[in-house]
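Take a look at the letters that make up each chain.
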Amino acid sequence: MRVRVFERSRSTEGARPFSRYHHTVPERAALYRRYRPQTFSAIVGQEHVTRTLRNAIASGQVAHAYLLSGVRGTGKTSIARLIAKAVNCPNTKDGEPCDRCETCVAIRDGRFLDLIEIDAASNRGIDEMRDLRDKVRFAPSMGQYKVYVIDEAHQLTTEAFNALLKTLEEPPPHAMFILATTESQKIPATIVSRTQRFDLRRIPHKGVVAQLGKIVGQEKLEADPAALDAIARQAQGSLRDAESMLDMVIAFANGPITLKEVDDLLGASDWEETAALFDALAAADGAKGVELIGRLVDDGRDLRLFVRRAIEHARALVFTRATGHPPETASEQMAAKLTAQAQGISLDQLAKIAKRLVETEQHLRTSEGTPLPLELAVLDLVTSSEKVAPPPDARREADRPAAARPPAPPSTRAEPRRDATRGSVVAIAERRVVTEATITAGATSPVVKLETVRKAWGELVERAKERSVGKAAQLAKAEPLAIDGATIVVGFGEEFARLLWQDKRRPELEQDLSEILKTAIRVRCVRQPGVPEAVPDDPMLRAAIDTLGRPDRIMEIE
Ligand SMILES: [Zn+2]
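Residues numbered from 1 in each chain as written. Predicted model: local features only at pLDDT ≥ 70, side-chain atom pairs only at ≥ 80, totals over all residues.

Here the focus is the sheet that holds strand β4 (residues 175-181). The strand order β2-β3-β4-β1-β5 describes an open sheet built from 5 strands, whose pairing is parallel. Strand pairing shows two members of the sheet lacking a second neighbour, β2 (115-119) and β5 (196-199), which therefore form its edges. Taking each pair of neighbouring strands and ignoring which way they run, the sheet shows an average axis angle of 15°. Relative to β5, strand β1 (residues 65-69) is paired through 4 bridges, and the arrangement is parallel. Paired with Leu67 across the strands is Arg197, a residue of β5. Strands β1, β2, β3 (146-151) and β4 of the sheet are contacted by helix α3 (residues 76-88), whose axis makes an angle of about 170° with β4. (Pairing = 2+ DSSP bridges. Helix = DSSP H or I, 4+ residues; strand = E, 2+ residues; numbered from the N terminus. Axes fitted to C-alpha atoms, helices over the stretch in contact; angles between N-to-C directions. Contact = placed C-beta atoms within 7 Å.)

Dropping the structure here:
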C-alpha cells in the first residue's frame, strides 16, 4: 500500500517561461532529471574534466575508452551522455554539442540507438559482455559513433571483465566505451590502462548552492539562502542528492522554502552536539563528554552517525587550524565556534582524536547499540590529553559546573555524575546488550506477516505526521519489502532518505513499528529494488577517512 501525503502540484500551468530543460521531459519528473545538464558548460564542479574533454573533441583526439570515477551524484552519467552527444553532433563548437540538432535531441530524449547504456549492477555476467562484443562490430545506425556506457562498471564479474578487455584491445573504429564507477579500485588494472581516466570531484559547496538557487529561480519559487545552504551541506558534494532533497522540500513547503522546512525534512543540523563533544575533550572534561553521550543514547540517537559527524567536525577543525580560517561550508555560527575551538586544540591532539573516532566508528559497527566504545574513547582521550591546556573559551563557559575546581583525574569526575543521572556505563551497556539478544534470538522465521506490516504502514505514517510532516512524507514514499525474523526490510527510493533513516532515524522507526505491531521490531533500510545506483558503503565516512588518513591532502579539499 502506498500513501501519498503530498500530491499538490507545484507549478502554475502556462506561466512558465521558455526554458530549454522543459522541451520533452514531463512536468512532474524529478528535478535532477529535468535539470540534467545538456552541455559541458552546464556541468557543475568538474571543469578539470569537461575542459579536457572539450579540447579532445574539438581537436578530434577522442579516446576509445574513458573511465569516469567518482562518488554518486557528481555527474558521471551526465558526462557520459554528453560525450556521446559531442562525438555524434555534426554542429559541435569548441567541443560543445549544439543541443539542437536531431542527434542532440534524440540523445536528450533517450531514443538515440547508438547510445547504449548498460547497468553493470544487473548485467554483470559474461553473456552480456559477449553480446556486446558481437554487436559492437555492426556500424552505428544513426550517428558516427556507437557509444557504450557501462554504469557501475566495478560490478562486472572477472569473466565479464576479460570479455570486455578483448573488445577494448581491438575496438572497431566506430566504437566508444565509457565506464562509470563509484569504486575505481575494483576495476582491473588491465582495463584501467586501456582507458583515459577522469576522477570526478565532490561538487564544491558553493557550486551546489548556486545550482539549487538556479533551479529555484527557474521554478519561480522563493527560498531562504540559509535553506539552500543547509540542503547543500547535507548533500555532501552530491548534486543529485541535493536536487532530490530540494524536490522533497518543494513538495511540502507551503510558500517560500525556509530553513525550518529543511530542518523538518532532513533533520536539524547537529553540529552543536559535536561542538559540545570537542569542548569537553579540549577541556579534558570526561564527565561532560560522557554525559553528552548519555543524552544521545536516551534520545535513541544513532551513535555511529554522531561519531561520523564528530569526524567531520575534527576535519573542519584541522582545516581551520591549518589554514587560519574555517571551511566555506560552515555557517556563520559554526565558523565562529570552529575558530574559537581551533585555538584550543593542537593539530597533534586533533590527529589523536580523529584517529580514535575512526576506530570507535568501527567498534560501534560491531557492538551495535552499546555506547561503551564511544564512552571509553572519550575517557581515554581526556586522560591522555592532560598536557594540553584547555582553550580559554571552554574555561569561561557559564554552564560548566564547578568551573573553579582544579583538574582532577577525569575518571573520578565522570563516575558520580553519571550515576546520578542514569546509571553506570557498564549497566547501560549490559541493558543494551540484553535487548539486542532478546530481539535477535527469535530471528529464524518472520515474527509478523509482510501483509500485516503493509497494512500497518498507514498508521505509521500518521504517527510520524504528528511529529514531523517531512518525516511522514518520506515514510509514505517508503515501502516494507521483506521480513527476516524480527527485521523488517524497508525500501527507500532515494539514497539520501535511506541513509537518513538507516543512520539517524532508525530507533524511532523501530519503536513505532514495535508499538504498532506489538512485537519487538528491528529495521534495515535499503534502496528500493529497480532503482539504479546502489551504494555499497558510506561515501561520507569514506571521504572523512580518506582525508584524515592523508593529512597532506587536507589542503586540497574544497
Ligand atoms: Zn547537435
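Next up on the list: the confidence of the model for the protein chain. Per-residue confidence for the protein chain gives a mean pLDDT of 78, with 77% of residues at or over 70. Confidence, expressed as mean pLDDT per element, reaches its minimum in the protein chain at helix α19 (residues 410-422) with 36 and its maximum at β1 with 97. (pLDDT = per-residue confidence, 0-100.)

Position of Leu179 among the secondary structure elements: in strand β4. Since 29 C-beta atoms lie within 10 Å of it, Leu179 is described here as buried. Once the C-alpha coordinates of Leu179 and Ser69 are considered, the two residues, 110 residues apart in sequence, prove to be 8.2 Å apart. (Buried ≥ 20, exposed ≤ 12 C-beta atoms within 10 Å, placed from the backbone.)

The 3 strands lie next to each other as β6-β7-β8, forming an open sheet whose pairing is mixed. Edge positions in the sheet fall to β6 (479-484) and β8 (522-527), since each has one partner strand and no second. Within the sheet, the average angular offset between the axes of one strand and its neighbour, ignoring direction, is 30°. Inspection of the sheet shows strand β7 (residues 487-492) paired to β8 by 6 bridges, in the parallel sense. Across the sheet, the residue bridging to Val489 is Arg524, located in β8.

Here we come to the environment of Leu475. Tracing the backbone shows Leu475 in helix α22 (residues 469-477). Taking the number of C-beta atoms within 10 Å as the measure of exposure, Leu475 has 26 and is therefore buried. Taking the C-alpha atoms as reference points, Leu475 and Glu462, 13 residues apart in sequence, are found 9.7 Å from one another.

It is worth spelling out the packing of helix α5 (residues 126-136) against helix α6 (residues 158-169) at this point. For the pair α5 and α6, interaxial distance at closest approach is 7 Å and the crossing angle is 15°. Viewed along their axes, α5 and α6 adopt a mutual orientation that is roughly parallel. Here α5 runs over α6; the crossing is left-handed. The residues of α6 that touch α5, namely those facing Ile126, Glu128, Met129, Arg130, Leu132, Arg133 and Val136, are Glu159, Ala160, Ala163, Leu164, Lys166 and Thr167. The class makeup of the residues in the contact of α5 with α6 is 7 nonpolar, 1 polar and 5 charged. (Parallel < 35°, antiparallel > 145°, perpendicular 65-115°, else oblique. Left-handed = near helix turned anticlockwise from the far one by under 90°. Nonpolar A, V, L, I, M, F, W, Y, C, P; charged D, E, K, R; others polar.)

This next bit is on helix α17 (residues 372-383). If you check α17, its first and last C-alpha atoms are 16 Å apart, about what 12 residues at 1.5 Å a residue would give, namely 16 Å. Of the residues making up α17, those classed as buried are Pro373, Leu374, Glu375, Ala377, Val378, Leu381 and Val382. (Expected span 1.5 Å × (residues − 1).)

With that settled, the discussion passes to the nonpolar core. Ile83, Ile178, Ile231 and Val249 are the most contacted members of the largest nonpolar core, which has 94 residues in total. Among residues more than four places away in sequence, those in contact with Ile83 are Leu53, Tyr66, Val147 and Ile178. With 40 residues, the next largest nonpolar core counts Leu303, Ile353, Leu357 and Leu381 among its residues. (Core = buried A, V, L, I, M, F, W, Y, C linked by C-beta atoms within 7 Å.)

Attention shifts here to the pairing of β6. Note that β6 and β7 share 5 bridges and pair antiparallel. Opposite Glu479, over in β7, you have Gly491 as the bridge partner.

This part covers helix α8 (residues 205-218). Between the first and last C-alpha of α8 there are 20 Å, a value that for 14 residues agrees with the 20 Å anticipated at 1.5 Å per step. Of all the positions in α8, only His205, Gly207, Val208, Val209, Gln211, Leu212 and Ile215 are classed as buried. Looking at the residues trailing α8, positive phi occurs at Lys220, about 55°.

At their nearest, the axes of helix α10 (residues 239-252) and helix α11 (residues 259-266) sit 10 Å apart, and the two run at 110° to each other. Of the possible angle classes, the one that applies to α10 and α11 is roughly perpendicular. In the packing of α10 onto α11, the handedness of the crossing is right-handed. Taken together, the residues of α11 that come into contact with α10 (itself represented by Met245, Met248 and Val249) are Glu261, Val262, Leu265 and Leu266. Partitioned by chemical class, the residues of the contact of α10 with α11 number 6 nonpolar, no polar and 1 charged.

With a phi angle near 50°, Asp94 is a residue other than glycine that sits in the positive phi range. In this structure, Asp94 sits in the loop between α3 and α4 (102-108). By the C-beta count within 10 Å, which is 10 here, Asp94 ends up exposed. Residues other than glycine seldom take positive phi values, yet Lys518 does so here, at roughly 55°.

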